[in-house]
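Fold and geometry: a report
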Amino acid sequence: MFSKEESRLLRQEFWTSFGKSFPRKWLLYDTKIKGFSFKFHFDTKSALVALDLEDDLENRINCWEKLVALKGILKSEYLPDVIYEEEYFLENGKEISRIYLTLEQKASIHNKNTWREVMEFFNENMSLFEAFFEEYRDMIQP
């Protein structure tokens, strides 16, 4: 087991190392669409890249419908294993809509032996997510 401080330092080390290994500016929150963001997630059990919709329900539904219409393209040309979940609950209980891809292999942010694989997964798949977004941004925007 790791103390909170040891865990915090490992997380910090991972994200610093990721930034140095793959130095580029990720879109993440800078999509220019309210409530529409890309996320990296890595904890002690899993790693995933996600596109989250967290706006008010009306805007979320509007954007979700557009993304569902583009689902075939996203799966066939970018991320074949991507998962669509219209009702996804975060750990804090908040409901969002999420499109995501998880790393199949077991990985833990506390295990440095899994870091390289996670970094490569993040880089490859978030790059594809962003390429899809850039290509279809005009269709997704409200």
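Residues numbered from 1 in each chain as written. Predicted model: local features only at pLDDT ≥ 70, side-chain atom pairs only at ≥ 80, totals over all residues. Heavy atoms only, no water.

**Considerations on the side chain of R98**
The cut-off we apply is this: Note on conventions: DSSP H or I runs of at least 4 residues are helices, E runs of at least 2 residues are strands, and numbering of each starts at the N terminus. Summary of the burial criterion: residues with accessible area below 20% of their type's maximum are buried, those above 50% are exposed, and those between are partly exposed, where the area comes from a 1.4 Å probe applied to protein chains only. For this analysis, a polar contact is any N or O atom pair within 3.5 Å, provided that within protein one partner can donate a hydrogen and the other can accept it, and provided that sequence-adjacent residues contribute only side-chain to side-chain pairs. Contacts: residue pairs with any heavy atoms within 4.5 Å of one another.
Tracing the backbone shows R98 in strand 4 (residues 95-102). For R98, a relative accessible area of 8% translates into the label buried. A distance of 2.6 Å separates the side chain of R98 from the side chain of D52, its partner in a polar contact. Look past the residues within four positions of R98 in its chain and what remains in contact with it is L48, A50, L51, D52, W64, I83, Y84, E85, Y88 and L90.

**Structural notes on the side chain of N125**
Along the chain, N125 falls in helix 4 (residues 115-140). Polar side-chain contacts of N125 include one of 2.9 Å to the backbone oxygen of F121. Those residues in contact with N125, other than ones at most four positions away along the chain, are V49, L79 and L101.

**Examining the nonpolar core**
For clarity, the cut-off: We call a set of buried Ala, Val, Leu, Ile, Met, Phe, Trp, Tyr and Cys residues a nonpolar core when their side-chain atoms join them within 4.5 Å.
In terms of nonpolar packing, the biggest core is built from 40 residues, with F36, L67, F122, F129 and I140 touching the most fellow members. Every element with two or more residues in this core is listed here: helix 1 (4-21), strand 1 (36-42), strand 2 (47-53), helix 2 (57-69), helix 3 (71-78), strand 4 and helix 4. It is helix 4 that provides the largest number of residues to this core, a total of 11 residues. Not counting residues within four places of it along the chain, the set of residues in contact with F122 comprises F14, W15, F18, W26, F40, H41, F42, A47, L48, V49 and S127. Core analysis: the second largest hydrophobic core is formed by five residues, A50, Y88, I96 and Y100 among them.

**Some points on the pattern of salt bridges**
Close approach of charged atoms allows side chains with opposite charge to pair. Rules: The working definition used for a salt bridge is a side-chain nitrogen of Lys or Arg within 4 Å of a carboxyl oxygen of Asp or Glu.
Under the criterion given, the structure shown has 11 salt bridges. Salt bridges sharing common partners tie together K39, D52, E54, K94 and R98.

**A look at the packing of helix 3 against helix 4**
Cut-off, in case you're wondering: The angle between two axes is taken between their N-to-C directions and runs from 0 to 180 degrees, where each axis is a line fitted to C-alpha atoms and a helix contributes only its stretch in contact. Roughly parallel means an angle under 35 degrees; roughly antiparallel, over 145; roughly perpendicular, 65 to 115; everything else is oblique. When the near helix sits turned anticlockwise from the far one by under a right angle, the crossing is termed left-handed; a clockwise turn instead gives a right-handed crossing.
One can describe the packing of helix 3 onto helix 4 by two numbers: an axis separation of 11 Å at closest approach and a directional angle of 135°. Taken together, the axis directions place helix 3 and helix 4 in an arrangement best described as oblique. Every pair of crossing elements has a handedness; the one defined by helix 3 and helix 4 is right-handed. Contact with helix 3, carried on its side by I73, L74, E77 and Y78, involves L128, F129, A131, F132, E135 and Y136 of helix 4 and no other residues of that element.

**A closer look at the environment of R8**
Mapping R8 onto the fold places it in helix 1. R8 gets classed as partly exposed once you look at its relative accessible area, which sits at 42%. For the pair R8 and H110, spaced 102 residues apart in the sequence, the C-alpha separation amounts to 9.8 Å.

**Some thoughts on helix 2**
Heads up, the condition is: Each helix should span, by expectation, one fewer than its residue count multiplied by 1.5 Å. This arc is taken over the directions from the axis of the helix to the C-beta atoms.
Over its 13 residues, helix 2 runs 18 Å from end to end, which matches the ideal 18 Å to within 8%, given 1.5 Å per residue. The set of residues buried in helix 2 consists of R60, C63, W64 and L67. The arc enclosing the buried residues of helix 2, seen along the axis, measures out at 105°, which places them on a common side. Pointing more than 90 degrees away from the buried face of helix 2 are the exposed residues E58, E65 and A69. The secondary structure elements touched by the buried residues of helix 2 are strand 1, strand 2, helix 3, strand 3 (83-89), strand 4 and helix 4.

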